[in-house]
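The lines below spell out each chain.
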Amino acid sequence: MVNKLFMLLIVGTALWVPSTSFAQGKYKFCGRWSYQFVDEGVGEDHLLHNEGNFGRIDAAYTWAVIWRDGSSVWSGYMDADGCTGEITALAGDYKFWVTTAINKDGTKFWIWPTDDENWQWFSKDYPDQPERPGLVVTHTAFFGFGEQTAAAAAVATHLVQQPNQGLLERKYNIYAKQDCLGQAGFAGCYDTVDHVYLGDDNFGNWVAFNKSIVAHEIGHYVQDKLFGRIDNNYDLDGGDEFPMCSCDHVESSNQAHCIQSREHQSAAQVEGFAQFYAADLYNEGSGSTAGFGYYKEVNVFGFILDPPVAIDVAIPFKWMENYCMPDFLTGAKGTELDWATFYWELNNKTSSAFSYTDLEDVYEQACGGGHCSGEFMTWFPLALAVTDLYGPSTPKALHFSDTSETHGVVHF
Ligand SMILES: [Zn+2]
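Residues numbered from 1 in each chain as written. Predicted model: local features only at pLDDT ≥ 70, side-chain atom pairs only at ≥ 80, totals over all residues.

The secondary structure content of the protein chain amounts to nine helices and 18 strands. Here the C-alpha coordinates of the protein chain stretch approximately 110 × 50 × 35 Å along the principal axes. Within the protein chain, buried positions represent 46% of all 412 residues. Sequence separation of at least 24 residues holds for 69% of the intrachain contacts in the protein chain that already meet a minimum separation of 6. (Helix = DSSP H or I, 4+ residues; strand = E, 2+ residues; numbered from the N terminus. Buried ≥ 20, exposed ≤ 12 C-beta atoms within 10 Å, placed from the backbone. Contact = placed C-beta atoms within 7 Å.)

Structure follows, in structure tokens:
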């Protein structure tokens, strides 16, 4: 009898712990953007469909709000893992809100549906949550599947986490569900003021679900803010008799320009830079290939390839010299493809590589200092600028001239 009572006392003592010895529990919320891109799996390294036929990415640096019983208890930009801070885990109905506003160290991407709509908000409910003494409980939610602003947010959150994509400490505005204002017939554009528009193409497909287009238009934005948008007149200068150097075969989008069209060299640089930017965003620069999903039809010897057309931007196609009427006389013509592959090699791999900051320096030098907005640019002023900046026959100057010839952006 004594022994039983003794046992009871021991068990009872073991179960009894004063409540003050428990730290108050915490809740923490983590968000992931869900995405599904039509141009995924073309040989690229990043933003793949890591969940089968769709993908998810941490909603890093994304604005979030947590409600408890209808009142805000935390708000702010989430961390690099896409998580909020910890909040005291009191009992209540919780709601986790996120919106498509991203801010990493002052580099911001704000993504709206259209220019007359407010933020697109996404939420997940966690009703009847108990107190959680002594625990940190993390809730993870998935947001935005099939939604345009979320698709653009997936690109933007990936972008701000890259070490060098030419981003500045500023705000970049994107309207993810709106055709280009003032540019009829263009599904996606950067308006040279401060907006990217991502509308729908000739077949009604929203280009926000095309990650190459999202990155391409951001590439125009980056280019403009770094050194100015040079002249990009798409008038084909009387056209080109060669079908492989025109855009007559393009149906999904405008025929103003395409990756294979013979263009004024200035326009070819503007567009080639944007194609390169998209390839750079989704590929490791150290790789021997660079998969890029091109978003218009491509004509290869009369066979029309439907988009997305997988193009390896690490290959020097020399499209202009091989398939078009070259312009040996003035050097004032080019193709987007040649400039895209040129920038890719120029920017990657070697110790003499040109960073985005270097490209900014070269263009501004070529324009006589300051931004190049509206200036018609050919290869020659760029080559002179490289010599001025780095000296003749330096590794950097040689890298520039060698790469220029390899990719046929200069025609000797
Ligand atoms: Zn473009």
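Turning to the nonpolar core, a few remarks are in order. One finds A152 and L198 to be the most contacted residues of the largest nonpolar core, which totals 109 residues. Residue contributions to this core peak at 11 residues, all from helix α4 (residues 265–282). When residues of this core are assigned to domains, at least three fall in each of domain 1 (25–160) and domain 2 (224–407). Once residues within four sequence positions are removed from consideration, A152 is found in contact with T100, I111, I174, A176, L198, A208 and V214. (Core = buried A, V, L, I, M, F, W, Y, C linked by C-beta atoms within 7 Å. Domains from an automatic or database assignment.)

For the protein chain, the assigned domains are domain 1 (25–160) and domain 2 (224–407). Contacts between domain 1 and domain 2 engage nine residues on the former and 13 residues on the latter. Per-class residue counts for the side of domain 1 that touches domain 2 are four nonpolar, two polar and three charged. (Nonpolar A, V, L, I, M, F, W, Y, C, P; charged D, E, K, R; others polar.)

Below, the discussion takes up the environment of D388. Among the structural elements, D388 can be located in helix α8 (residues 379–390). In this structure D388 comes out as partly exposed when scored by C-beta crowding, with 14 C-beta atoms within 10 Å. Each C-alpha atom, one on D388 and one on V362, is 9.1 Å from the other, the two residues being 26 residues apart in sequence.

Below, the discussion takes up the confidence of the model for the protein chain. In low-pLDDT regions, the fine details of the predicted coordinates are not to be read closely. Predicted confidence across the protein chain gives a mean pLDDT of 92, with 93% of residues reaching 70 or more. Throughout residues 5–18 the model reports pLDDT below 50, and contacts reaching past four residues in sequence, or to other chains, amount to zero contacts. (pLDDT = per-residue confidence, 0-100.)

Attention now goes to α8. The terminal C-alpha atoms of α8, which comprises 12 residues, lie 17 Å apart, in line with the 16 Å expected from a rise of 1.5 Å per residue. For α8, every residue scored as buried is listed here: W379, L382, V386 and Y390. Each buried residue of α8 lies within a common arc of 60° when the element is viewed along its axis, so the set occupies one face. Those residues of α8 hidden inside the fold are in contact with α4, α7 (356–366) and α9 (395–407). (Expected span 1.5 Å × (residues − 1). Arc of directions from axis to C-beta.)

This brings us to the environment of E117. As for its position among the elements, E117 is in the loop between β7 (107–112) and β8 (121–129). Judged by the 12 C-beta atoms lying within 10 Å of it, E117 is exposed. With 58 residues separating them along the chain, E117 and Y175 place their C-alpha atoms 9.5 Å apart.

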